[in-house]
8 protein chains.
Amino acid sequence: MEEREILEKVKSGDISIESALRELKTKPFKDIDFAKIDLQRKLRTGAGEVIYGSGKTPNQIIKIIDTMLENGQKNILITRLSKESAEKIKDSFELKYFEDAKVAIFGEFMKASGLGKIVVATGGTSDIPVAEEAALTAEFLGNEVIRLYDVGVAGLHRLLAHIDELTDASVVIAIAGMEGALASVIGGLVEAPVIAVPTSVGYGASLNGVAALLSMLNSCASGVSVVNIDNGFGAGFLANRINHMEEKK
Amino acid sequence: MEEREILEKVKSGDISIESALRELKTKPFKDIDFAKIDLQRKLRTGAGEVIYGSGKTPNQIIKIIDTMLENGQKNILITRLSKESAEKIKDSFELKYFEDAKVAIFGEFMKASGLGKIVVATGGTSDIPVAEEAALTAEFLGNEVIRLYDVGVAGLHRLLAHIDELTDASVVIAIAGMEGALASVIGGLVEAPVIAVPTSVGYGASLNGVAALLSMLNSCASGVSVVNIDNGFGAGFLANRINHMEEKK
Amino acid sequence: MEEREILEKVKSGDISIESALRELKTKPFKDIDFAKIDLQRKLRTGAGEVIYGSGKTPNQIIKIIDTMLENGQKNILITRLSKESAEKIKDSFELKYFEDAKVAIFGEFMKASGLGKIVVATGGTSDIPVAEEAALTAEFLGNEVIRLYDVGVAGLHRLLAHIDELTDASVVIAIAGMEGALASVIGGLVEAPVIAVPTSVGYGASLNGVAALLSMLNSCASGVSVVNIDNGFGAGFLANRINHMEEKK
Amino acid sequence: MEEREILEKVKSGDISIESALRELKTKPFKDIDFAKIDLQRKLRTGAGEVIYGSGKTPNQIIKIIDTMLENGQKNILITRLSKESAEKIKDSFELKYFEDAKVAIFGEFMKASGLGKIVVATGGTSDIPVAEEAALTAEFLGNEVIRLYDVGVAGLHRLLAHIDELTDASVVIAIAGMEGALASVIGGLVEAPVIAVPTSVGYGASLNGVAALLSMLNSCASGVSVVNIDNGFGAGFLANRINHMEEKK
Amino acid sequence: MEEREILEKVKSGDISIESALRELKTKPFKDIDFAKIDLQRKLRTGAGEVIYGSGKTPNQIIKIIDTMLENGQKNILITRLSKESAEKIKDSFELKYFEDAKVAIFGEFMKASGLGKIVVATGGTSDIPVAEEAALTAEFLGNEVIRLYDVGVAGLHRLLAHIDELTDASVVIAIAGMEGALASVIGGLVEAPVIAVPTSVGYGASLNGVAALLSMLNSCASGVSVVNIDNGFGAGFLANRINHMEEKK
Amino acid sequence: MEEREILEKVKSGDISIESALRELKTKPFKDIDFAKIDLQRKLRTGAGEVIYGSGKTPNQIIKIIDTMLENGQKNILITRLSKESAEKIKDSFELKYFEDAKVAIFGEFMKASGLGKIVVATGGTSDIPVAEEAALTAEFLGNEVIRLYDVGVAGLHRLLAHIDELTDASVVIAIAGMEGALASVIGGLVEAPVIAVPTSVGYGASLNGVAALLSMLNSCASGVSVVNIDNGFGAGFLANRINHMEEKK
Amino acid sequence: MEEREILEKVKSGDISIESALRELKTKPFKDIDFAKIDLQRKLRTGAGEVIYGSGKTPNQIIKIIDTMLENGQKNILITRLSKESAEKIKDSFELKYFEDAKVAIFGEFMKASGLGKIVVATGGTSDIPVAEEAALTAEFLGNEVIRLYDVGVAGLHRLLAHIDELTDASVVIAIAGMEGALASVIGGLVEAPVIAVPTSVGYGASLNGVAALLSMLNSCASGVSVVNIDNGFGAGFLANRINHMEEKK
Amino acid sequence: MEEREILEKVKSGDISIESALRELKTKPFKDIDFAKIDLQRKLRTGAGEVIYGSGKTPNQIIKIIDTMLENGQKNILITRLSKESAEKIKDSFELKYFEDAKVAIFGEFMKASGLGKIVVATGGTSDIPVAEEAALTAEFLGNEVIRLYDVGVAGLHRLLAHIDELTDASVVIAIAGMEGALASVIGGLVEAPVIAVPTSVGYGASLNGVAALLSMLNSCASGVSVVNIDNGFGAGFLANRINHMEEKK
């Protein structure tokens, strides 16, 4: 019941003041609920929902998928899903499973749209699992993705060979472990927003990704922001948001 | 000389092969220069350039401004400029100085444009200097900015009272010290990209902003990315980029 | 023998000064023992004792339980007890084992008493094992517990939907990993003391719970205090103490 | 207007549905405000409000005091107030200033009430400023406070000499720098909740209070929780809450 | 009154049981007091007491000295005393002030005794203030001290030139900043216990002495133990204890 | 085609300006490629290439070796190769596998050349795997290597017994875990550049090699530089570069 | 040949100057060896040598024991020896293996001597393995050891009940994880040198023993020094040295 | 006296066996002294000595210079010398003072020699003081230095424009704060050894140079080694050593 409706029913005597009070008492947060749903409605129209698979049993995930399907969801992305869990879920649903990225898709990728292409670049080959999580997330949410893997700054020519893709991108996701310099170099080359993802690739003083994280936070290039270590999903999700920016009011 | 021009002159015999070689020898990096300049040309059309004032003497800054003016620059933003330096530079140029933000403007703010409004929100009043650096940067680069200061999560109603401005924003900059929870709460409320800025506000276990930084990097809300501690300029600059996203090719 | 008794026997000549001296020589620390036992007597009346199971073999635990039973203990709580150990102990005693919380109960939960209800809230589902350790500890010690799980700040409406339970609580235990913002948000909403428990849930820059810990220590809300990472027992134990506060002299 | 009042006026036709809607539209957050205000009403009855002085100019503080006085506030606590600021504010208001604690009181301390006495204990004399912030906060909010200063564990007899005050306390605030062992020792001696406050007293490997903080978080005694380094106010505020616990519903 | 005395007076009726009880009630901790005083009596016989000067005003120190004198103390060591404070105290007492070490002596150094000589060695000249604090403490407490300054491992010959003094020492205090290697090298050369003191000398990755501290804790030489960064007093105090070891029982 | 060739063909009309432009368009980065290849040509003449084996499957490595062989590579070094992977690769190629160092060689070690000998010294026997990675890398790249293992500073005589080898070396690689003092001591004894390699050998406060790393960075000896923890390959590679220094222009 | 002998033979013409030179050429480090051997001779008289077992294969250890036996060693201590390794070595030698401590003894413990008894105290039962390593090391080297286990400060009476053993000890080894307060409390109670051993016992903010380490380094009690986390051997070794102090020259 | 000389004098009876013994007793370390002096003789021939000025008073430095002059030293480099100290020393000696670098030269720079040129490159202008310390050190020791300042990776074209100087260098010193990516990028471009110097330039998460330090240690480019934060002198000193490598034996 909307507030006006409640008031009208009070006026008409259709409901008691007590009932109206009870109804209104829970409204503040219901109001926010509606706001939330509004926000998410656009994404949901024919689109995808995400399940964070880590720490959930196959059965729990199956139950969540069931509920989503009942609510009209058609396409679902599951991240951080182990191969074993994926196998078990496949007994119940048809999943496309991407082993490198530990990502599974139920249903379809959204049709690519948005302002332009998203480039996902990595410093080395060991960063690819994180990159694939980012790329698949962005593709699932409806973006064209260009993968530039193993273009780390120790061999600058490998990166510069792709300067056209980089300068044409609407968003660049720069993924690197070790010293994480890739984000700064790309940040200096492109106009697009750069989302930097430090990875836990490395050893010794890489401190499980903290070295790359600090490096990226201190990037001398403007236009670079950072997400958590190994957070490919977060980068892909944010890149999609930016690539689908549209005029507001 | 463009490459085609060089080639044509070689063909026509206007220049020797030696001259052409010398010309081309320096091109690889000039090419990138041109790319860079291309990228920046748009920003420059009637627009602004930025000087990072920290660690520069007033005289150095005066010289840089002079050079910029000679190159046709009309509007200049100077960040991290102490009041004393600003006073000295005012002897040479007409500056608007914003003491809180330690920011100075030569010339004019760009006319506000972009996809929508940028909200700059802070957890407390002590975060305002960082927020003003962000807000003034965004305004200088041509964005409408809404300031929501002192809306920290300890008094959630203060934040929720502004839910309309938040959900209407095209980009939100969430600035907070201490526990930095503001970024997560806003990240859960809005659809827009959220740029989180940890500040060094706090004491003891805030570790000069590291607590807020870690908190923001671990945000349980998607769509949040982080810049360096106290980096208001970086957030404002990136927000401008995102707010001016446009179709690519 | 109490001191008075010793003195009276000395006076009456029932014991020699030498015997009295020997008796008294060991008193300083027995006195403190008595003090301790005094303190704990109230808890023990029909109530429970706790065994910290981690690093103890099943046999050691069985021996401790035996001793407790001999001393009239009827109800025993065992924390951090692996499933394997629990199985082995079950051969000797009838235990209720709670797998999620790794908690076992011998005997009965105390009848719920105290000033009010204890709310145990978590940011996510992965925090539930820590939350159950807290909740079961509080219940074992005689408190009514309300569980509010997965009410993290990224979806504020989930939390606000329970504002009545929160504001009615006598103590709130706020449990969260990642950015740990839950403690601050709850701290700003309720009048009751808030015990914050950071968890090791998260990855990368969560640094195994250090990010949440720092966040909670820096909470901008007053009335919040913090226990060790994943220390559900400590929170439940302290909550019980606070919920059973009574007038002192 | 309370909601019931609005509804009754709607029913009686005293206000239009439009007016009622406008009135209710601003309610969600007022509701929370009201909740907050409800919670705080008890404290305010003849009681005190707190201003965090750090980072505020004398003028800002004077303005805040003015506003509070206009709203009927009679007693105000100001923490982290420098001597210089206090001097300037004294030109406008009559303040009691406590230099050690950097705390000022406008008006009166609340009459001591609560379940019992609050003991504020410190390891050394250098911890006294933090202790006084805690003690004065608790006294201002209406608690009887017993100060046990310089009772650090290196001279255990100093602490044990006060075992009666400790075991009689309703809440103990244990304040220590360096190795912070005081909290554990007291935690093992008393039944009351112990609020541990690490201080930045020490040098070298004390890491500005981090050593004491970690020590207190790892306390082997149950019933101990921790606040931020040097956060005397937080401890005093929480101790007051616990000392004024009363039955709920 | 000793316990036996109390008992005898009870037996003889000289005191009531009530008085005896009151007397005994405070004994547990008084007993420990007596123990403490026993322990310290030996040191005090014609010997010295120590005041930690840091964070104490000249007036406070003067008052402490007064009390000590009244209690028959003749020789007093004051550590971490600024030159300014020393000057003010000199108006009241005759002090010997050692500026480098920030140490003052009232009265006399104890006559050197003990099992042998204490060597105080430093890596560089910048470590001398810490070394002097150690050396003067040991001398004050009655030890012969040999100073070997600036014998850091980068010039091994400087250290080896003193191998006789080192191997003859009963205790060696090894003081070094930067990489702190001195402790390991000396630990491998001598049979005596080595007390390692990391100093805050250095810059950058010395992290204010943490590098030297970690280095010393990981010493590959046996027989090395470590005190806090810059804690010359602690090393001198402990060296005195070891140099005065004697048969027990 | 070299640039001159393109220009000459343009002049002679052998290629169109369009073709020349296309050719030149990709030159900027090819130029750098050529530069790189130039640099590496010397190494490659009859010499070796390196594969970083960690995180690569046997199949991937086999494919890389195949490609290298096709490109005329004759000798290949593979680092961080597990025994299992080595076994599998041996089915396809003849490898010499060094289990301690986890290094494999395809083909031959280069003939030893360079300015002098490279000494690889370790503090203990547990550092040998890292040392062997360094030594084999240097040998593979054509250097004479002298191994001085287990010459840690706790037994200085073990190190000094080899002073001749040390002072005669052209480069010294100093490898140590725990307190890492070896680098400083050697740095003080020799004139040659010293490359320090901290290892993760140790426990507790060695923090997985961070203690040794900090120690080495703070070396009081000049002429010492540091590589990442356990980075034997990096040290061997750099030592080879230095040992093969020759006059430039 | 001793130097004097060489010189006399040169003088008498029994050896040529060339032979003497060759003999002397190797002396510098033999001299140091002799010094070392001198130092260790006392220990060796019917006494023990130590093998650090961690990272050594059973075969390597067997070879070392063989060599020691050939050199007349009769009693050998092996630390950090896994049960599996011990089993294998038992095929070759008769070992006493102490599983808790991971320590093995070949031959006999030395007859207890020294100035007094060494007390080994632990905070909890989980610290016992480290304590046993310390105790067995001290016993092996010829000391009487008193074990006081599980006397942590959370139950102060447990510690105070043993005040006689503590004050009678010639050296106290205080072993504790978690908050490590035991070292400070004991340091305040006894006159003997206290060797503090932090352990990795604990979880969360114990940071694998770093919390206890920092706590112990900051001990407010004088006379306390610290060894590496879990370094029971180091503490036992140093305690033996101190307990066997004797007059020097 | 050389050993042979001693032996001959013993044989001839020119010295007693006692004198010879005394002479030989101190030889082990004198031998090393000689070695040291040998090593340094080459540098000293007409060359320079270095004084580390930090923490030394002007008077101390004057005295050291005096001693050096007496020993025939003609050219002296003083690092980390404040302007004030330099002014005072100028009263006694003629100094060239370089304010930026805080470096002073007495006498002359050595004539440039070595294998090639040393390039000193910085990421930004704020790194110049560290760079000048490196450059002046290298120049003083006799090297030609090329300065490439402000060529940070955020503007890659600035760096690439100098690719010729970089590839021609015999040693490159890469100096950068913030994210320190310069070292990796240069390391990937050049064949020469790269000495990386992290600087404390930056703010927030740069952690006073630790971010740059970690970044450089994790460089994905081979041939890079690292010195302490801000250690320009160390880099210049090592670069000189490498640039003066010559054949050994």
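Residues numbered from 1 in each chain as written. Chains lettered and ligands numbered in written order. Predicted model: local features only at pLDDT ≥ 70, side-chain atom pairs only at ≥ 80, totals over all residues. Heavy atoms only, no water.

### Notes on the overall build of chain A
- Summing up its helical and strand segments, chain A has eleven helices and nine strands in all.
- Residue burial in chain A is summarised as follows: out of 249 residues, 59% are buried.
- Summarising the internal contacts of chain A: among those between residues at least 6 apart in sequence, 66% fall at separations of at least 24.
- Summed over its atoms, the accessible surface of chain A is roughly 9,600 Å², and 49% of this surface lies on carbon and sulfur atoms. (Helix = DSSP H or I, 4+ residues; strand = E, 2+ residues; numbered from the N terminus. Buried < 20%, exposed > 50% of the residue type's maximum accessible area, 1.4 Å probe, protein only. Contact = heavy atoms within 4.5 Å. Areas by Shrake-Rupley, 256 points an atom, 1.4 Å probe, with all protein chains shown as cover.)

### Things to note about the environment of methionine 68 of chain G
Residue and element names in this part refer to chain G.
- Looking at the secondary structure, you find methionine 68 in helix H4 (residues 58-70).
- Counting along the chain gives 19 residues from methionine 68 to glutamate 49, while the straight-line C-alpha distance between them is 8.4 Å.
- Other than its neighbours up to four places away in sequence, methionine 68 contacts Glu49, Val50, Ile51, Gln73 and Ile76.

### Topic: the domain arrangement of chain A
Residues and elements named next belong to chain A.
- According to the domain assignment, chain A consists of domain 1 (3-106) and domain 2 (117-243).
- Between domain 1 and domain 2, the residue contacts involve 13 residues of the former and ten residues of the latter.
- Taken together, both faces of the contact between domain 1 and domain 2 bury some 1,000 Å²; the carbon and sulfur share is 75%.
- Inspection of the region where domain 1 meets domain 2 yields one salt bridge.
- A salt bridge links glutamate 133 to arginine 80; its shortest N-O distance comes to 3.3 Å.
- Counting across the domain 1 and domain 2 interface gives two residue pairs in polar contact (both at pLDDT 80 or more).
- Sorting elements by how many residues they give to the side of domain 1 that touches domain 2 places strand S2 (residues 75-79) first, with four residues. (Domains from an automatic or database assignment. Buried area = accessible area lost by both parts, 1.4 Å probe. Salt bridge = Lys/Arg side-chain N within 4 Å of Asp/Glu carboxyl O. Polar contact = N/O pair within 3.5 Å; in protein donor to acceptor, adjacent residues only side chain to side chain.)

### Some words on the interface of chain A and chain B
- Across the contact, 39 residues belong to chain A and 40 residues belong to chain B.
- Of the roughly 3,800 Å² buried between chain A and chain B, counting both surfaces, carbon and sulfur atoms make up 59%.
- Where chain A packs against chain B, one counts 14 residue pairs in polar contact (both at pLDDT 80 or more).
- Contributing elements (two or more residues each) for the side of chain A that touches chain B: helix H3 (27-44), strand S5 (113-122), helix H8 (163-168), helix H9 (182-189), helix H10 (210-217), strand S9 (224-226) and helix H11 (232-243) of chain A.
- When residues of the side of chain A that touches chain B are assigned to their parent elements, the largest contribution, five residues, is made by H11 of chain A.
- When its residues are assigned to classes, the side of chain A that touches chain B shows 21 nonpolar, nine polar and nine charged. (Nonpolar A, V, L, I, M, F, W, Y, C, P; charged D, E, K, R; others polar.)

### Focus on the pattern of salt bridges
Residue and element names in this part refer to chain A.
- The full count for this structure, using the stated rule, is 40 salt bridges over all chains.
- With a closest N to O distance of 3.3 Å, aspartate 150 and arginine 158 form a salt bridge.
- According to the relative accessible area criterion, aspartate 150 is partly exposed, its value standing at 29%.
- Relative accessible area serves as the criterion here: at 29%, arginine 158 is assigned to the partly exposed category.

### Considering the packing of aromatic side chains
- Under the counting rule described, the total for this entry stands at 24 aromatic pairs over all chains.
- An angle of 50° between the planes, with centres 5.7 Å apart, marks the rings of phenylalanine 233 of chain A and phenylalanine 237 of chain A as tilted. Taken together, the residues span about one helical turn, with phenylalanine 233 of chain A and phenylalanine 237 of chain A both in helix H11 at a distance of four residues. The pair formed by phenylalanine 233 of chain A and phenylalanine 237 of chain A is uniform in burial state, with each residue classed as buried.
- Relative to phenylalanine 109 of chain E, the ring of phenylalanine 98 of chain E lies with its centre 6.2 Å away and its plane at 90°, an arrangement referred to as edge-to-face. Of the two residues, phenylalanine 98 of chain E sits in strand S3 (residues 95-98) while phenylalanine 109 of chain E sits in the loop between strand S4 (103-106) and strand S5 (117-122), which places them eleven residues apart along the sequence. (Phe/Tyr/Trp six-rings, centres within 6.5 Å; stacked < 30°, edge-to-face > 60°.)

### As for the state of the cysteines
- Tallied over the entire structure, the rule returns zero disulfides over all chains.
- With no disulfide of its own, cysteine 220 of chain B lies 15 Å from the sulfur of cysteine 220 of chain C, the closest cysteine sulfur. (Disulfide = S-S within 2.5 Å.)

### Description of the relation of the copies chain A and chain B
- Note on the identical chains: chain A maps onto chain B by a rotation of 180° and an axial translation of 0.3 Å, with an RMSD of 0.5 Å. What the rotation and shift describe, once combined, is the action of a two-fold rotation axis. Nearest to the rotation axis, the C-alpha of valine 226 of chain A is located 2.5 Å from it, this being the minimum over chain A.
- Interface overlap between copies is the fraction of interface residues in one copy that are interface residues in the other; for chain A against chain B it reaches 100%, indicating a shared surface. (Least-squares fit on C-alpha atoms with pLDDT ≥ 70 in both.)

### A closer look at the packing of helix H4 (residues 58-70) of chain D against helix H5 (residues 83-90) of chain D
All names here are of chain D.
- At a closest axis distance of 9 Å, the pairing of H4 and H5 adopts a crossing angle of 50°. As judged from the angle between their axes, H4 and H5 are oblique. Once H4 is placed against H5, the crossing between them reads as right-handed. Along its contact with H4, which presents Pro58, Ile61, Ile62 and Ile65, the element H5 presents Ser85, Lys88 and Ile89.
- Looking at side-chain class alone, the contact of H4 with H5 contains five nonpolar, one polar and one charged residues. (Axes fitted to C-alpha atoms, helices over the stretch in contact; angles between N-to-C directions. Parallel < 35°, antiparallel > 145°, perpendicular 65-115°, else oblique. Left-handed = near helix turned anticlockwise from the far one by under 90°.)

### Section: the confidence of the model for chain A
Residue and element names in this part refer to chain A.
- On average, residues of chain A score 87 in pLDDT, and 88% of them are at 70 or above.
- Long-range and interchain partners of residues 28-47, a stretch whose pLDDT sits below 50, account for 34 contacts in this model, where long-range means more than four residues apart.
- Confidence estimates for the predicted assembly give a pTM of 0.88 and an ipTM of 0.85. (pLDDT = per-residue confidence, 0-100.)

### Some points on the side chain of arginine 241 of chain C
- With respect to the helices, strands and loops of the structure, arginine 241 of chain C is situated in helix H11 (residues 232-243).
- One buried charged side chain, arginine 241 of chain C, makes no salt bridge at all; its nearest oppositely charged neighbour is glutamate 191 of chain D, positioned 6.5 Å away. (Lys, Arg positive; Asp, Glu negative; His and termini not counted.)

### Description of the pairing of S2 of chain A
Residue and element names in this part refer to chain A.
- Most of S2 sits inside the fold, with five of its five residues counted as buried.
- Burial along S2 is two-sided: the face carrying Asn75, Leu77 and Thr79 and the face carrying Ile76 and Ile78 are both buried.
- Strand direction decides the pairing type here: S2 and strand S4 (residues 103-106), joined by three bridges, are antiparallel. From the neighbouring strand, isoleucine 78 faces S4, where its bridge partner is alanine 104. (Pairing = 2+ DSSP bridges.)

### Things to note about the side chain of serine 184 of chain H
- The residue serine 184 of chain H is located in helix H9 (residues 182-189) in this model.
- Take serine 184 of chain H: its relative accessible area is 1%, and that puts it in the buried class.
- Polar contacts involving the side chain of serine 184 of chain H include one to the side chain of glutamate 179 of chain A, which spans 2.3 Å.
- Every residue in contact with serine 184 of chain H, bar those within four places of it in the chain, is listed here: Val153, Ala154 and Glu179 of chain A together with Ser219, Cys220 and Ala221 of chain H.

### Concerning the environment of serine 219 of chain G
- Of note, serine 219 of chain G is situated in the loop between helix H10 (210-217) and strand S9 (224-226).
- On the accessibility criterion, serine 219 of chain G (12% relative accessible area) is buried.
- Here the alpha-carbon distance between serine 219 of chain G and glycine 209 of chain G, two residues ten residues apart in the chain, equals 15 Å.
- Excluding its chain neighbours within four sequence positions, the residues that come into contact with serine 219 of chain G are Met178 and Glu179 of chain D together with Ser184 and Val224 of chain G.
- Of note is the side chain of serine 219 of chain G, whose polar atom sits 3.1 Å from the backbone nitrogen of alanine 221 of chain G.

### Description of the pairing of strand S8 (residues 194-198) of chain G
Residues and elements named next belong to chain G.
- Counting buried residues along S8, five of its five residues qualify, which places the element largely inside the surrounding structure.
- Side-chain alternation along S8 places Val194, Ala196 and Pro198 on one buried face and Ile195 and Val197 on a second face that is also buried.
- Where strand S7 (residues 171-176) lies against S8, five bridges are found, and the strand directions are parallel. Bridge pairing in S8 links alanine 174 to alanine 196.
- For the handedness criterion, the β-α-β arrangement of S7, helix H9 (residues 182-189) and S8 is classed as right-handed.
- In this sheet, S9 lies alongside S8 in parallel orientation, the contact comprising three bridges. Following the sheet pairing, valine 194 is matched in S9 by valine 224.
- The handedness of the S8 to S9 crossover, carried by H10, is right-handed. (Right-handed = clockwise from strand over helix to strand, strands pointing away.)

### A short note on helix H11 (residues 232-243) of chain H
- In this model H11 of chain H runs 16 Å from its N-terminal to its C-terminal C-alpha over twelve residues, within 8% of the 16 Å that 1.5 Å per residue would give.
- Residues of H11 of chain H that are buried: Gly232, Phe233, Gly234, Ala235, Gly236, Phe237, Leu238, Ala239, Asn240, Arg241, Ile242 and Asn243 of chain H. (Expected span 1.5 Å × (residues − 1).)

### Notes on the environment of isoleucine 51 of chain C
- The topology assignment puts isoleucine 51 of chain C in strand S1 (residues 48-52).
- The contacts of isoleucine 51 of chain C, once residues within four sequence positions are left out, are Ile64, Ile65, Met68, Ile76, Leu77, Ile78 and Thr79 of chain C.

### Description of unusual backbone geometry
- Not every positive phi belongs to a glycine, and aspartate 150 of chain E is a case in point at roughly 65°.
- Among the secondary structure elements, aspartate 150 of chain E is positioned in the loop between strand S6 (144-148) and helix H7 (156-160).

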